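# Working through the structure, step by step
Each chain is listed here by its residues.
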Amino acid sequence: MDSATLTRLESGNLSDIKSILHFFLQRHAQTFSFSELNQDDRRKKLWSILFKHLNNPSLGDCHEDCLACLRILSRDKCNLDSLMNSQWIETLLLKAGLRTSENHMEAAAYNDFAVVIESLKVLSNLLFQSPQAQAICCKNGTADGIIQRLRLYSDHQLPHMVKFFDMKVLFLLTALSPDIRPRVRDNLHGLIYLMEILDLILKQGTTGGPMGIVLHEEQVLLSCEVLKVLFNLTVRGNLRPEDEDDSLSLRLVEILREYLLCTTLPLSFLDSFYSNIINLLTNLSGSVLKHLVVIDNSQAPNMDAIAVILNFLDNRLDQKQGSLTESIMPAITVLLECSRSSREVRKYVRQIVLPPLRDTHTRPEEGNTLRNKLCSLLTSPHSHLKDLVAEFLFALCKENVERMIKYTGFGNAAGLFANRGLLLNTHKNSNNSSDSENSETEEYEQSKKDINPVTGYVEPKRPNPLAGMSEEQKEFEAMQLVSMMDKLTREGVIQPCRIGEDGRPQAVEHILQLQEDLPKQQMQNH
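Here is a short report on the structure shown in this document. (Residues numbered from 1 in each chain as written. Predicted model: local features only at pLDDT ≥ 70, side-chain atom pairs only at ≥ 80, totals over all residues. Heavy atoms only, no water.)

## Observations concerning a nonpolar patch on the surface
We count it as follows: For patches, a residue must show more than 30% relative accessible area and have no salt bridge; joins then use 9 Å for like charges and 5 Å for nonpolar side chains, namely Val, Leu, Ile, Met, Phe, Trp and Tyr. To be clear on the numbers: accessible area is Shrake-Rupley with a 1.4 Å probe, and residue cover counts the displayed protein chains and nothing else. Criterion for a salt bridge: a side-chain nitrogen of Lys or Arg within 4 Å of a carboxyl oxygen of Asp or Glu. In DSSP terms, a helix is any run of H or I states spanning at least four residues, a strand is any run of E spanning at least two, and both are numbered starting from the N terminus.
A contiguous nonpolar patch, built from Leu481, Met484, Met485, Leu488, Val493 and Ile494 and spanning about 500 Å² of accessible area, is present on the exposed surface. Relative to the helices and strands, Leu488 is located in helix H25 (residues 471-490).

## Quick word on the environment of Leu270
The criterion, for reference: Here, residues are in contact when the closest pair of their heavy atoms is within 4.5 Å.
Along the chain, Leu270 turns up in helix H15 (residues 270-281). For Leu270, the contacting residues outside a window of four places in its chain are Cys262, Thr263 and Thr264.

## Quick notes on the side chain of Lys163
So the rule is basically this: Using a 1.4 Å probe on the protein chains alone, a residue whose accessible area is under 20% of its type maximum counts as buried, one over 50% counts as exposed, and one in between counts as partly exposed. This count recognises Lys and Arg as positive and Asp and Glu as negative, with His and chain-terminal groups excluded.
Turning to its location among the elements, Lys163 is positioned in helix H10 (residues 160-176). Buried and unpaired, Lys163 has Glu218 as its nearest opposite-charge partner, separated by 7.3 Å. If we skip the residues at most four places from it in the chain, Lys163 touches Tyr153, Asp155, Leu158 and Leu222.

## Some words on the packing of aromatic side chains
For the record, the criterion: Pairing of aromatic rings covers Phe, Tyr and the six-membered ring of Trp, with a centre-to-centre limit of 6.5 Å; geometry is then stacked below 30 degrees between planes, edge-to-face above 60, and tilted otherwise.
Counted according to the given criterion, the structure contains nine aromatic pairs. Where Phe24 meets Phe34, the ring centres are 5.9 Å apart and the plane angle is 15°; that geometry is what we call stacked. Taken together, the residues Phe24 in helix H2 (residues 14-27) and Phe34 in the loop between H2 and helix H3 (42-54) connect sequence positions 10 residues apart. Take Phe24: its relative accessible area is 5%, and that puts it in the buried class. Owing to a relative accessible area of 0%, Phe34 belongs among the buried residues under this scheme. Between Phe410 and Phe417, the ring centres sit 5.9 Å apart and the planes meet at 35°, which makes this aromatic pair tilted. Assessed through its relative accessible area of 25%, Phe410 is described here as partly exposed. Look at Phe417 and you get buried, because its relative accessible area is 0%. Members of the aromatic cluster, joined through ring pairs, are Trp47, Phe51 and Trp88.

Following this line, the structure appears as structure tokens:
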């Protein structure tokens, strides 16, 4: 936009202003950078003119277009912090209806919802792009206005997009400015009000069919934004110790259980929907999570919610896009906490993840079962993921070393055993198991003596590579192997270790130390 156009935009009549704004919007609908505005201070002039018009009631007919232009301009981060000031943010809050007095808190009080929505979009962009805007909004009552408007969400006159961008603004504010979380959670009672919105969305869902409660597109989108705000407010470290088991946390788990049993239309939303629910569950302790299981009419534990999380995990393990670590760790974390806090949950999850072993001729990490997929992660280069999966499987094994080796193979579980100092106790039960959980299948009993405990399966017979060699040839090959190991050690590629008295690996200075300690190591393992 050149200087002449800026002059016309500033001093022209309403028709000129609307014409210039419409041309700008059409031309720059997909523009994200405005380098030409860096000349002659045009960027600041354009922003100033647009806010000047927004503060002029006689130009109300062009306010939506002014805000749409600001929405596009706010995509460009260049000099945005230097432009921001509390007066402009205050104008946006007024236009967004977040400065409405309590006496006028009803949907009908808003003059133009299109202006409200565009204002919220501008605020969203500014919060995402500008630390200065974040700092201003933390102090000027932006969150107060949104929490106050929550009471209107049952009013059908209030459009979905207003609610959606309310939550988007609140999410960005609580995500990017952690200091405001205690105020929203405690002073403004954000947890209570946001849980009431989740309850309201559930009541608006379709019921009566074979699929249970069905949430439609707008309900799913809004509930996901609410769940993300709740995640920010309950993230570990934000809750006081006494909050862990209070009625609010219990009520939140009850609501999230109901959400896990919902379905979505379209079904393509279901994965993201469940993901937001499970992410929020990771913020809660096991003592609260165990209430995902309820007692049904037959007095049996109802594991439907746990089954949904297991199915979600299984589906995520099959997905190839994105980061697998971020994709599945929340689900494994929730299942681990639930299994540790509830014997019934652990037994149920174990039957799904580690059912009685029948296939003994396939590597634990190969195949399409949930056990196979998880075992394949035990050697993942992502240490956090690898360790979490190992802890999860070990918990399902009741921290029984022999059972862990049975289902994963010693090689896959070696990292866990090393971390826990269990390398000297691999032939001892660290936790006696009940008879009902220690039963063996006929297939496993028949193959048990042939299973290689390191790889965890019956290996196919292979020809002896030393067959036909003379003693001299065997000695030559052995020395070649020693030479290669010595070279790898000297170059720092490998580090020989022995098992210390604490059951953890300890580095040795020379490979011959392994030979010196061999009799001692063998005795400790018998």
